[in-house]
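Listed below, chain by chain, are the residues.
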Amino acid sequence: MGLSDFSFFTGLLCHMSNLNVKMQGKNQFIDDIWALFKAFKLKLNQFTGQLVKNDLSHFLRLNSIPSVNKEKLKIYDDGLKKLHFEFKLRFQDFSAIQAELDTFSMPFNVNCEAVRSDLLLELIELQSNNHLQQLLLNMQKLEF
């Protein structure tokens, strides 16, 4: 294992450690954790696109090496693609319940016709509540 290998894996482990720390936060619901996984998978895709372009901005230690062999970058790119596939495979059960997670995490954005019938009436009432919609809009304005 060379210096570039060690630098790449150190950077990747830092990204994975950040995911792990975020997942251990208090008062998180399953949709919060699922959002973290989805974001991490998107980051993995971003990393692979950057490695192909020799952009190492998210792997600072690897970026500090004067010149990284293009064949090494291809190996790292392949490794990231495999890691993405493993995440997709291991957490496919979440993908299967994506619609239900969306119903609870974003109830105002869900199409009522796509919801299970036992949740339909409650969702219609929730989406029809003008007070809640206004409260949500005010909260969104405060965040940005």
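See the structure printed just above.
None of these values were measured; they are calculated from a predicted model.

Q: Run through the overall build of the protein chain, naming residues and quoting values.
A: Looking only at helices and strands, the protein chain features 8 helices and 0 strands. Taken against the 2.2 N^0.38 rule, which gives 15 Å for 144 residues, the C-alpha radius of gyration of the protein chain at 20 Å runs more than 25% over that of a compact globule. Taking the principal axes of the C-alpha coordinates as reference, the protein chain spans close to 60 × 35 × 30 Å. Sorting the 144 residues of the protein chain into buried and exposed places 31% on the buried side. Long-range contacts, defined here as pairs at least 24 residues apart, represent 57% of the contacts in the protein chain between residues at least 6 apart.

Q: Can you explain the environment of Ser 64? Please cite residues and give values.
A: With respect to the helices and strands, Ser 64 occurs in the loop between α3 (60-63) and α4 (70-90). Between the alpha carbons of Ser 64 and Ser 7 there is a distance of 8.9 Å; along the sequence they are 57 residues apart.

Q: Could you give an account of the pattern of salt bridges, with specific residues and numbers?
A: Enumeration according to the criterion identifies 5 salt bridges in this entry. When the shortest N-O distance is used, the salt bridge between Glu 86 and Arg 90 registers 3.3 Å. Highlighted residues: Glu 86 and Arg 90, both in helix α4, separated by 4 residues, approximately one helical turn. When its relative accessible area of 31% is taken as the criterion, Glu 86 is described as partly exposed. A residue is classified by how much of its surface remains accessible, and Arg 90, at 63% relative accessible area, is exposed.

Rules of the game
- Residues numbered from 1 in each chain as written.
- Predicted model: local features only at pLDDT ≥ 70, side-chain atom pairs only at ≥ 80, totals over all residues.
- Heavy atoms only, no water.
- Helix = DSSP H or I, 4+ residues; strand = E, 2+ residues; numbered from the N terminus.
- Rg over C-alpha atoms; globule rule 2.2 N^0.38 Å.
- Buried < 20%, exposed > 50% of the residue type's maximum accessible area, 1.4 Å probe, protein only.
- Contact = heavy atoms within 4.5 Å.
- Salt bridge = Lys/Arg side-chain N within 4 Å of Asp/Glu carboxyl O.

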